[in-house]
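Residues per chain are reported as follows:
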Amino acid sequence: MVSSPSFVDSLPPYLRTRVTQLQALQQQQDIIHTKLQREIQALQKTYWLQYNPLYEKRFEIIIGHTDPSHGHEPPGIPDFWLTAMKNHPDIGMRINEDGDERALRYLTNIQVEHLEDFDFALVFHFAPNEFFSNLALRATFSYQKEFTGDRPDPLEAKGDHIDWKPGKHLTRHRGGKQASGIRVDIVGTCLFIMVFHTGNDNEDEESEPGSFFDFFSPTAVPAEGDKEEREEREFLLGMDFELAEQFQNELVPRAVEWYTGDARSDDEDEDDADEDDEDEDDEDEVEDSEDDSEKDSEDDSAEDSEDDSEDAEDAEDSDEASRRLRQRQQLQMPQRRM
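Reference entry: report on the structure contained in this document. On a predicted model such as this, the values are computed, not experimentally measured, just so you know. (Residues numbered from 1 in each chain as written. Predicted model: local features only at pLDDT ≥ 70, side-chain atom pairs only at ≥ 80, totals over all residues. Heavy atoms only, no water.)

### A look at the packing of aromatic side chains
Two measures describe an aromatic ring pair: the distance that separates the ring centres and the angle between the ring planes. What the rule picks out here adds up to 25 aromatic pairs. Centroid distance Phe126 to Phe132: 5.0 Å. Interplanar angle 90°. Geometry classified as edge-to-face. Given the relative accessible area of 6%, Phe126 is considered buried. The class of Phe132 is buried, set by a relative accessible area of 1%. (Phe/Tyr/Trp six-rings, centres within 6.5 Å; stacked < 30°, edge-to-face > 60°. Buried < 20%, exposed > 50% of the residue type's maximum accessible area, 1.4 Å probe, protein only.)

### Section: the environment of Met93
With respect to the helices and strands, the residue Met93 is situated in the loop between helix 4 (89-92) and helix 5 (99-104). When the C-alpha atoms of Met93 and Ser211 are compared, they prove to be 10.0 Å apart, with 118 residues separating the residues in sequence. (Helix = DSSP H or I, 4+ residues; strand = E, 2+ residues; numbered from the N terminus.)

### Examining the pattern of salt bridges
A complete count under the given rule lists 13 salt bridges for this structure. Of the charged contacts, one joins Asp79 and Arg105 as a salt bridge, the two residues approaching to 2.5 Å between their closest N and O atoms. With Asp79 in the loop between helix 2 (13-63) and helix 3 (80-87) and Arg105 in the loop between helix 5 and strand 1 (107-114), this pair connects stretches of sequence that are 26 residues apart. Judged by relative accessible area, Asp79 falls into the partly exposed class, the value being 25%. Among the residues examined, Arg105 registers a relative accessible area of 44% and is labelled partly exposed. Within this structure, Arg38, Asp117, Asp119 and Lys145 form a network of salt bridges that share partners. (Salt bridge = Lys/Arg side-chain N within 4 Å of Asp/Glu carboxyl O.)

### Comments concerning the nonpolar core
In this structure, Met85, Phe124, Phe213 and Phe247 are the most contacted members of the largest nonpolar core, which totals 43 residues. For this core, the leading source of residues is helix 6 (residues 227-251), giving 6 residues. Apart from the residues within four sequence positions on either side, Met85 is in contact with Ile91, Gly92, Ile95, Leu104, Leu107, Ile110, Phe212, Phe247 and Leu251. (Core = buried A, V, L, I, M, F, W, Y, C linked by side-chain atoms within 4.5 Å. Contact = heavy atoms within 4.5 Å.)

Next up, the structure:
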């Protein structure tokens, strides 16, 4: 993290010169690190190509090409991708239980296409269905070409137009409402996204819940315009990229584990392990606190005992002094004559 100019400017001249030299060294390191990330990305692509034959065999098993059905058994693995997606905590929350689930039952495959540098595309293949005429829907995600750090920032995302069949449009709001504005608020750890609509303002009108198929209409960031609106749209674009990267890096490579729920269990186990570590740390702190309290109590008891001993000694000394004083007084008293 580079220090703010105001901080550097506030330094004495001799320190300012040295800090500037350190910043120049950091910039050189960032250039090397960026080169490393590019080479790692290129190396990963060579191995991703080796996955493709395995993915083709997976596809054949899912749709039932390798194991013909017997009797009344359905071919392949019905609802494979729908189940895997629903088991993913972040992807699953994008799927509504009404239209989305019924449409995603026709999903037969998801492919990742690796493009130039860090760019990639997701291709969703569908069997003929009652919702749209597309047999494949493609979403492309492009990144900034120049960057420092581990990954470049998002540049833009594009999705295929969905040819909805009459009466089957899953991303259209009832009452003809169209989104005309977006507001993003972050309060504490909570994220609030509000979409403003124009058109029919009848409060009795119900609007459709968000659809997974909004994924193919990613947020566009205008080149110019209101700064606040641009920042909000950049934030939403980042969320689109985050979801796409979860498909790329988590769901597609480990599809069967998400289908069975094992992948989610592994993630939950990791979370539980982290929580256990935190609990152990808390217990250690409590034990240390209790030990300190016991030690303090023992010290207090010892001090009280010492104080009691000192008080007793003081009392004995006082008694001894009184006895000696009485003796002196007796010696000084004149003797009565008999």
